[in-house]
Amino acid sequence: SRLQDEYGAIPEIHFLGYQQHISGLYRLADCMLLPTRFPGESFPLTLIQAQQVGTPAIVTDVGFVRNMMTDNEGRLAGVLLPLETNDGVFQEAIIDSLKTVMNPENRERFSLSSLNCGQRYTMDGVTQSYIEMYDRFRTECITASSEEQG
């Protein structure tokens, strides 16, 4: 591939190809990088996979990503990149974000928030969300029905 040809000789860069068990790789990673420029990138599975093992992320702020990156206390699980069309500005934002994430105190804080965010997307977490949503809907319907009859 073009990327392999261009970057394959750099010792810090490894092209692993398809990986069936991605969680182990995310555990080894310092951060997850998703610098998309596609505004339709609304709910990236790769972000969920990284968060479930506590890997901080650097992700473009598009779609639902900001919500996915914010834990219940309002803390970010990494750094949000602006959706930027200028290559130089975008690259500088990525470099600055990497410096921020690689700071040990920031990385620890982002990692804890990442784990908290990732818990929302476990089977138990998603099931609990559906149950709560159903209960709210049921309660609202019962209340509305009672008000109409009363």
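Residues numbered from 1 in each chain as written. Predicted model: local features only at pLDDT ≥ 70, side-chain atom pairs only at ≥ 80, totals over all residues. Heavy atoms only, no water.

Engineer: I tried to follow the packing of aromatic side chains on my own but got confused; where do I start?
Structural biologist: Aromatic ring pairs: the centre-centre distance and the angle between the two ring planes describe each pair. Per the stated rule, a full pass over the model turns up two aromatic pairs. Between phenylalanine 43 and phenylalanine 64, the aromatic rings sit 5.8 Å apart at their centres with planes inclined by 35 degrees, giving tilted as the arrangement. Here phenylalanine 43, found in the loop between strand E1 (32-34) and helix H3 (45-52), pairs with phenylalanine 64, found in the loop between strand E2 (57-60) and helix H4 (65-68); they are 21 residues apart in sequence, far enough to count as distant. Phenylalanine 43 gets classed as partly exposed once you look at its relative accessible area, which sits at 42%. According to the relative accessible area criterion, phenylalanine 64 is partly exposed, its value standing at 39%. (Phe/Tyr/Trp six-rings, centres within 6.5 Å; stacked < 30°, edge-to-face > 60°. Helix = DSSP H or I, 4+ residues; strand = E, 2+ residues; numbered from the N terminus. Buried < 20%, exposed > 50% of the residue type's maximum accessible area, 1.4 Å probe, protein only.)

Engineer: Can you help me understand the packing of H3 against helix H6 (residues 104-118) in this one?
Structural biologist: Helix packing geometry: the angle between the two helix axes and the distance between the axes. Running from N to C, H3 and H6 point in directions that differ by 115 degrees, and their axes come no closer than 7 Å. At the point where H3 passes H6, the crossing takes the left-handed sense. Seen from H3, the contacting residues are Ala50, Gln51 and Gln52; seen from H6, they are Ser114, Leu115, Cys117 and Gly118. The residue makeup of the contact of H3 with H6, split by class, is three nonpolar, four polar and no charged. (Axes fitted to C-alpha atoms, helices over the stretch in contact; angles between N-to-C directions. Left-handed = near helix turned anticlockwise from the far one by under 90°. Contact = heavy atoms within 4.5 Å. Nonpolar A, V, L, I, M, F, W, Y, C, P; charged D, E, K, R; others polar.)

Engineer: Hey, could you run me through the nonpolar core in this one?
Structural biologist: Nonpolar side chains in soluble globular proteins generally cluster together in the buried interior. Membership of the largest hydrophobic core comes to 17 residues, with the highest contact counts inside it found for Met32, Leu47, Ala57, Val59, Val65 and Met69. Contributions of two or more residues to this core are made by E1, H3, E2 and H4. A total of three residues in this core trace back to one element, the largest contributor, which is H3. Beyond its immediate sequence surroundings of up to four residues, leucine 47 is in contact with Met32, Ala57, Val59, Val65, Met68 and Met69. Listed in part, the nine residues of the second largest apolar core include Leu81, Ala93, Ile94 and Val101. (Core = buried A, V, L, I, M, F, W, Y, C linked by side-chain atoms within 4.5 Å.)

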